[in-house]
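# Notes for the structure review
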Amino acid sequence: MKRGVIPGVNLARTVAPVVPANFLSRKHLFPLFETNMPGATIVAAPTGYGKTMLVAEWAHAQTRPTIWCGVDPNDSPQMFFAHIVQAVRNVLPKFGADFESERFLSPASYIDFMVREASEVKDDFNFVIDNGSSDAQEITPFAQGLVDSLPNNVHVVIVRRVTPATSLARYASLGNLQLITSKELKFSQNEIAVICEFNGLDIKDWKVSQHLIKCNGWPAAIQMMAKNFSHGASDSDFKIGETSNPLRILARESFDSLSEENKHHLLKLGIIEEFDLESAAIILGEDFSESYINKLATDGMFVSVSSGVQRTYRINPIIFTVLQELRNSNKDQELATHEKLAQYFMSKSAPAEALEHIYKSGKTDKITEILQVSIRSMAAIGRGDQIIRWAHYGADESPTGALMKKTIEAVGHLVNLDFERAEAMAAELNYVADQDEQAEFLTQLASMILSHVHFARGDFERARTMIRDALAKDYGVAGIENVDKIALLRLQADIAYIYDDEELVAASLLRAKELQDGSNQIITGYHIGCMTSMSLWCQGRFFEAAEFASVAVVQADNNGFSGITAPLDALLVLARCQLELSQLDKAIGTLNLLEQKAESKRMWPWYFMAIGTRLRIQITQGRINHVVDEIAAQREKHKNLQTPNQLGWIIDVTDIFLRFVLNDWKRADELLQRMPKIEMVRQIEMNIKFEADPKRIHALVSQMPETTPREKVNKTLYQATINIDQENVALNYLRTALDLGAEVGFHEYFVRQNRLYPIMVKAAAAKPTIFIESVVHEMSERIKNSNSDTGALEEKLTNRELEILKHLTTGNPISAIAKHLHISQNTMKTHLRNVYRKLDVDGRHTAVEKARKLLLI
């Protein structure tokens with residue numbers, strides 16, 4: 001599946017820059033790089049020594065792939081690792097597939113994620129970290145952990161202005177560490193001669209040579225000096241050591257040597273350090289020319305360009321510093337340009353970049369406006385960090401502004417899946433609303449936030465109450481928008497789906513469709529797609545449900561929908577459809593993915609639903625021991641949850657299913673008493689009614705609904721079952737069910753109708769369609785497997801035999817067990833023979849093993 005760029009990522013930072021056409025090759029320095037694995041090369045020198053371009057040229061010449069990531073000093077851990085994941089994906093597209101939907105609780109959790117994903121990469125590769133102008137303060141504290149965690153098939157190259165504080169002892173101890181400094185990076189006399197030749201200068205010219213000597217081999221200084229002299233300069237004020245930034249003097253002289261037109265263009269471009277052709281067109285207006293931009297990049301002195309399809313241009317940092325000093329002449333024009341850039345980025349659905357530019361435009365009042373428009377798109381892609389950040393800029397110091405800041409922050413924490421802080425801030429909003437009637441609308445926002453918090457914890461009762469409260473009243477522009485209400489209705493449908501409440505799922509979907517108002521079309525369409533998949537599944541229209549669920553998952557992947565917006569409900573629908581089609585391996589794979597995603601987000605309903613569905617599949621595969629252990633583990637996990645919830649019954653569903661398979665009716669009945677009325681419970685209760693009053697069976701079945709395909713198939717199968725003694729009647733009902741089932745996607749439901757197996761075989765013989773033959777084949781395989789040692793006993797053990805069986809687990813001698821039970825050894829041997837016969841085993845050890853498998857002990 002083709003993946004888009006991770007939301008918020010600057011793609012230019014994740015690819016190596018293009019080496020300019022007139023770049024002086026420095027291949028002779030390649031032997032300075034470490035070659036062994038695991039290995040590290042540090043390229044550390046002040047600005048202007050050509051570190052990045054040297055590494056870029058080296059990377060392009062390597063046979064093994066190179067992953068390139070540039071660091072921004074303002075990076076948060078989230079953005080730093082987002083750029084690393086994107087950089088790896090540029091080379092290995094499937095890397096970190098769950099990154100956008102993962103919940104990271106700390107910087108260490110990012111590293112754990114990277115280590116886990118990197119362990120799957122078996123080929124060798126280079127990993128370049130270009131540190132740029134300075135360290136990212138939020139990244140530095142855990143840089144050591146990142147370096148220490150890199151796998152052994154990586155050669156890491158770190159580009160910095162100073163040697164790193166991070167210890168590289170891991171590589172040094174192996175002798176696989178190389179350090180390249182300014183000493184090695186200085187231009188040689190031969191290189192200086194080539195630079196002069198490039199610029200049409202005679203190195204023997206005394207004035208030229210004297211000025212170049214002052215550069216002391218400093219690559220950027222020599223190149224700019226030569227360029228300036230080629231443009232007609234006859235002198236330079238450059239002198240190493242006289243100022244803190246001598247290159248600035250040369251950069252200024254380089255700028256001054258340009259034509260007035262070029263100066264004008266560069267000054268305008270200097271409003272931002274990085275740009276693409278579209279943003280350059282906005283900045284330059286009528287002066288824009290694509291050939292001019294590419295000429296600047298080809299020259300390489302003032303502008304560099306990234307590789308890849310989406311090319312990004314970057315002004316030389318030294319030149320950019322000079323441009324900032326000279327850009328004070330037309331502030332009004334710059335402010336207007338920033339406003340245009342903000343509009344441009346909004347049109348590209350890049351709200352974070354738009355907010356940066358609207359802030360620089362001075363139109364701080366518009367920050368709130370952009371936030372109101374874009375907060376939902378940022379929330380959908382999990383950018384709670386950006387929401388919280390801009391909440392501080394989008395509100396003034398007034399009481400109203402402080403309230404606005406608090407509401408936006410609360411949403412940001414919810415988006416970050418920080419449920420505890422979101423809950424605390426929602427409580428604050430409710431408190432404010434209680435104190436001021438004019439702020440009543442805050443209760444709606446608080447209820448919306450708490451709906452998601454309670455659902456994530458599995459507290460369905462409180463989640464339902466909060467959803468009802470949030471949707472109860474319309475507060476107009478002050479309240480939540482229709483897209484928020486649709487998201488809440490999806491949450492309501494999620495709960496209904498978990499509880500098999502088909503009517504509420506359908507009602508939620510209908511109301512959501514009525515609320516569509518043409519705004520936020522992508523996200524509302526996605527919400528409704530997820531709800532539609534659930535509704536179709538409830539109706540038994542599995543082919544259609546699978547299609548809608550698959551589309552929703554792809555939409556989420558392409559748009560980066562994550563966090564509370566992630567398609568966890570659609571994944572469960574997809575897995576259940578795969579199960580119904582008897583694609584068991586696919587279903588288990590989808591459920592494993594759902595389990596992983598749900599656990600990382602602490603979305604416990606989907607976590608327990610995923611595991612429960614998978615375990616029920618494994619019960620049908622005879623993995624009884626495994627399932628017993630897993631049920632115990634799930635109960636322990638549930639017990640350790642710290643907040644109120646109604647999740648225990650989801651584990652009970654699997655336990656009941658297991659008890660029925662093992663004919664443990666007593667335990668199954670105990671569990672049924674505390675279960676909600678989900679579909680499985682309704683069917684069991686119907687069977688109990690049949691057993692209690694056989695004479696009313698036909699009347700009860702005739703009253704069963706038959707509106708949806710699911711109801712129709714269910715009813716006709718009951719009719720086939722209760723008429724099993726009238727074969728022709730039963731066959732007619734069965735054929736009706738099979739025809740409808742084949743049309744809408746039933747398969748597994750038929751496979752589990754063991755009582756109908758004889759007439760199912762006859763139906764296949766009479767009408768050997770691919771579908772019916774597939775059902776019969778799968779039924780035959782299941783029946784054959786059920787006759788193995790994983791099934792229930794044909795002849796039950798007596799209480800005394802069970803007692804003896806339990807004593808066998810102690811390891812005590814048979815004579816000691818007989819003595820303890822006050823029976824003779826002959827009686828004991830008789831009991832043992834009966835136990836071994838009933839269990840179909842050949843001795844004590846296998847008897848204990850099978851008894852445990854069958855939950856007898």
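Residues numbered from 1 in each chain as written. Predicted model: local features only at pLDDT ≥ 70, side-chain atom pairs only at ≥ 80, totals over all residues. Heavy atoms only, no water.

### Section: the environment of Tyr 475
Relative to the helices and strands, Tyr 475 is located in the loop between helix H22 (460–472) and helix H23 (482–498). For the pair formed by Tyr 475 and Asp 669, sequence separation is 194 residues and the distance between their alpha carbons is 48 Å. Not counting residues within four places of it along the chain, the set of residues in contact with Tyr 475 comprises Glu 440, Phe 441, Thr 443 and Gln 444. A polar atom in the side chain of Tyr 475 sits 3.1 Å from the side chain of Glu 440. (Helix = DSSP H or I, 4+ residues; strand = E, 2+ residues; numbered from the N terminus. Contact = heavy atoms within 4.5 Å. Polar contact = N/O pair within 3.5 Å; in protein donor to acceptor, adjacent residues only side chain to side chain.)

### As for helix H20 (residues 419–435)
Helix length check: H20 (17 residues) gives 24 Å between terminal C-alpha atoms against 24 Å at 1.5 Å per residue, within 8%. Among the residues making up H20, those that are buried are Phe 419, Ala 422, Met 425, Ala 426, Leu 429 and Ala 433. Looking down the long axis of H20, one finds its buried residues gathered within 130 degrees of arc, a one-sided arrangement. Of the exposed residues in H20, those oriented more than 90 degrees away from the buried face are Tyr 431, Asp 434 and Gln 435. The secondary structure elements touched by the buried residues of H20 are helix H19 (399–415), helix H21 (442–457) and helix H28 (584–601). (Expected span 1.5 Å × (residues − 1). Buried < 20%, exposed > 50% of the residue type's maximum accessible area, 1.4 Å probe, protein only. Arc of directions from axis to C-beta.)

### Considerations on the side chain of Lys 850
By the element assignment, Lys 850 lies in helix H43 (residues 844–853). Of the side chains bearing the opposite charge, Asp 840 lies closest to the buried Lys 850, which forms no salt bridge; the N-O distance is 5.2 Å. Looking at Lys 850, its side chain comes within polar contact range of the main-chain oxygen of Leu 839, at 3.0 Å. (Lys, Arg positive; Asp, Glu negative; His and termini not counted. Salt bridge = Lys/Arg side-chain N within 4 Å of Asp/Glu carboxyl O.)

### A short note on the packing of helix H15 (residues 331–347) against helix H16 (residues 351–360)
Between two packed helices, the angle of one axis relative to the other and the distance separating the axes together describe the packing. Running from amino to carboxyl end, H15 crosses H16 at an angle of 165 degrees, the nearest separation of the two axes being 8 Å. For the element pair H15 / H16, the angle class is roughly antiparallel. Crossing hand, H15 versus H16: left-handed. In this structure, H15 contributes Leu 335, His 338, Glu 339, Leu 341, Ala 342, Phe 345 and Met 346 to the contact, and H16 contributes Pro 351, Glu 353, Ala 354, His 357, Ile 358 and Lys 360. Counted by class, the contact of H15 with H16 contains 8 nonpolar, 2 polar and 3 charged residues. (Axes fitted to C-alpha atoms, helices over the stretch in contact; angles between N-to-C directions. Parallel < 35°, antiparallel > 145°, perpendicular 65-115°, else oblique. Left-handed = near helix turned anticlockwise from the far one by under 90°. Nonpolar A, V, L, I, M, F, W, Y, C, P; charged D, E, K, R; others polar.)

### Focus on the nonpolar core
Formed by 161 residues in total, the largest nonpolar core has its most connected members in Ile 449, Ile 498, Trp 606, Trp 649, Leu 734 and Phe 750. When sequence neighbours within four positions are dropped, the list of residues in contact with Phe 750 reads Val 713, Leu 717, Ala 737, Leu 738, Gly 741, Met 760, Phe 771, Val 775 and Met 779. One finds Ile 222, Val 303, Val 305 and Ile 319 within the second-largest nonpolar core, a separate group that totals 65 residues. (Core = buried A, V, L, I, M, F, W, Y, C linked by side-chain atoms within 4.5 Å.)

These values are about where atoms sit, not about what they do.
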